[in-house]
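Single-letter residue listing:
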Amino acid sequence: MPFKPGVLVISHGSPDPEWVGLVDEAVAAAAADLPDTLPVEASFLEIVEGRLIQDGIDRLEAQGVSDLIVIPLFVSSGSTHIDEIAYALGVKNTPEKETDMKRLRISARVFFGDPVDDDPVIAEMVWDKVKALSSKPEREILLLVGHGSIHEGFLQRWERGISSLAARTGKLSGLAGADFALLNPDSLRRKVSYWSEERGYDVIVAPLFLSAGYFTKTAIPSRLTGLIFRYSGDALLPHPFLARWMYGQILNIMKSLSL
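Residues numbered from 1 in each chain as written. Predicted model: local features only at pLDDT ≥ 70, side-chain atom pairs only at ≥ 80, totals over all residues. Heavy atoms only, no water.

Caption draft 1: Region of interest: the sheet that holds strand S5 (residues 140–148). Here we have four strands laid out as an open sheet, ordered S6-S5-S7-S8, and parallel in their pairing. What marks the edges here is a single partner per strand, and that holds for strand S6 (177–184) and strand S8 (230–231). Across the sheet, helix H4 (residues 120–130) lies against S5 and strand S7 (202–207), angled at about 120° from S7, the strand it touches most. (Pairing = 2+ DSSP bridges. Helix = DSSP H or I, 4+ residues; strand = E, 2+ residues; numbered from the N terminus. Contact = heavy atoms within 4.5 Å. Axes fitted to C-alpha atoms, helices over the stretch in contact; angles between N-to-C directions.)

Caption draft 2: Layout of the environment of Gly161. The topology assignment puts Gly161 in helix H5 (residues 154–173). A relative accessible area of 9% means that Gly161 is categorised as buried. Excluding residues that lie within four positions of it along the chain, Gly161 makes contacts with Asp117 and Asp118. (Buried < 20%, exposed > 50% of the residue type's maximum accessible area, 1.4 Å probe, protein only.)

Caption draft 3: Spotlight on the sheet that holds strand S3 (residues 67–72). The strand order across the open sheet formed by four strands is S2-S1-S3-S4, and the pairing between neighbours is parallel. Two strands bound the open sheet, and with one partner strand each, they are strand S2 (40–44) and strand S4 (109–112). Across the sheet, the axes of successive neighbouring strands diverge by a mean angle of 25°, strand direction being ignored. The pairing of strand S1 (residues 5–11) with S3 spans six bridges and is classified as parallel. The residue of S3 that forms the bridge with Val7 is Ile69.

Caption draft 4: Representation of empty space enclosed by the protein in the model. Enumeration over the complete set of coordinates arrives at one cavity of 30 Å³ or more. If you go around the largest cavity, the residues you meet are Val126, Lys129, Val130, Pro207, Asp234 and Leu236. Broken down by element, the residue count for the lining of the largest cavity peaks at three residues, all from H4. Broken down by class, the residue content of the lining of the largest cavity amounts to four nonpolar, no polar and two charged. (1 Å grid on protein atoms, 1.4 Å probe; cavity = no way out; pocket = protein on both sides within 12 Å on 5 of 7 lines; lining within 4 Å. Points joined across faces, edges and corners; volume = space filled by probe spheres on them. Nonpolar A, V, L, I, M, F, W, Y, C, P; charged D, E, K, R; others polar.)

Caption draft 5: Local environment of the environment of Ile122. Within the secondary structure layout, Ile122 lies in helix H4. Spatially, the C-alpha atoms of Ile122 and Ala26 are 14 Å apart, while their sequence positions differ by 96 residues. For Ile122, the residues in contact, after removing those within four places along its chain, are Val116, Leu165, Leu242 and Trp245.

Caption draft 6: Highlighting the layout of surface pockets. Quantified by volume, the largest pocket comes out at close to 740 Å³. Lining the largest pocket are 32 residues, with His12, His81, His147, Phe209 and Phe215 positioned closest to its centre. Where the lining of the largest pocket is concerned, the elements lending two or more residues are helix H3 (80–88), S5 and helix H7 (214–222). Counting residues per element, the lining of the largest pocket draws most heavily on H7, which supplies four residues. Its residues assigned to classes, the lining of the largest pocket shows 13 nonpolar, 17 polar and two charged.

Caption draft 7: Examining the nonpolar core more closely. Core analysis: the largest hydrophobic core is formed by 50 residues, its most contacted members being Ile71, Leu208, Leu242, Trp245 and Met246. Each residue touching Trp245, except ones within four places of it in the same chain, is listed here: Ile71, Pro72, Leu73, Asp114, Pro115, Val116, Asp119, Val121 and Ile122. Residues Ile10, Ile85, Leu89 and Met101 belong to the second largest nonpolar core, which totals 17 residues. (Core = buried A, V, L, I, M, F, W, Y, C linked by side-chain atoms within 4.5 Å.)

Caption draft 8: Structural context of H4. Most of H4 sits out of view: eight of its 11 residues are buried. Buried within H4 are the following residues: Val121, Ile122, Ala123, Met125, Val126, Trp127, Lys129 and Val130. Tucked into the core, H4 has its buried residues touching S5, H5, S7 and helix H8 (240–256). Looking at where H4 begins, the residue whose side-chain oxygen comes 2.8 Å from the main-chain nitrogen of Val121 is Asp119. (Polar contact = N/O pair within 3.5 Å; in protein donor to acceptor, adjacent residues only side chain to side chain.)

Caption draft 9: Representation of the pattern of salt bridges. A complete count under the given rule lists 14 salt bridges for this structure. Between Arg244 and Glu124 there is a salt bridge, with the nearest N and O atoms lying 3.3 Å from each other. With Arg244 in helix H8 and Glu124 in helix H4, this pair connects stretches of sequence that are 120 residues apart. Among the charged side chains, a network of salt bridges with common partners joins Asp83, Lys92, Glu96 and Arg157. (Salt bridge = Lys/Arg side-chain N within 4 Å of Asp/Glu carboxyl O.)

Caption draft 10: Structural context of unusual backbone geometry. Cis geometry marks the peptide bond from Asn184 to Pro185; its omega dihedral reads -10°. As for its position among the elements, Pro185 is in the loop between S6 and helix H6 (188–198). Going from Leu237 to Pro238, the amide bond is cis rather than trans, its omega being 0°. One can find Pro238 in the loop between S8 and H8. Although it is not a glycine, Ile47 adopts a positive phi angle of roughly 80°. Here Ile47 is to be found in the loop between S2 and helix H2 (53–62). In this structure, Asp117 is a non-glycine residue whose phi angle is positive, near 45°. The class of Asp117 is buried, set by a relative accessible area of 16%.

See below:
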């Protein structure tokens, strides 16, 4: 087979067409800066019929793709989905956590990228989303909120990535400090209460979720009833920096392979 690289962006998927549309827009924006000869497909782990991971692989291989650059569009390497997708793509021999996912049909060589974790571009993006809520930075704390995990090993990866991202974002924001909270295991109310009631800071809550939905609109606000905090509810998308992050990921893998 002649050498031909291609890109497969994989995200979770949603029954909400707007959620899917925001991902498609970000992937299209990243693809616009890539060579026209490099095919790019956005695929989904579940829900989006006709656009699942196998569908994306099939479409790329039908175009003669021999080397597949996979970008996992997830906010943390602590996501169990990263583990099962890597297994299904043959990147790892066995999953760390039991999964229903089967091995995918794939002929191309797979080069698996990294999820968001603590990337500097994402730190800029998080701060850009919430900076309008800041009025007296010396009295404010940024609290980054992520989904988290109840599974051993995965939780530690979640904590490592989000704590580092919070520190990065706090440093560039100029606020008095930055911290993080997770929904699983739940530390959100305790963290907001600590910083606002015990320490006397104004707390700016920043959700670390790809797109708006139940967690940003319902789960986070409902757990903070009665507490004083600032919250816009803005997820990462839409924002041009996510396309910039994907573009950087793709280029890094291409350079490492001397493509």
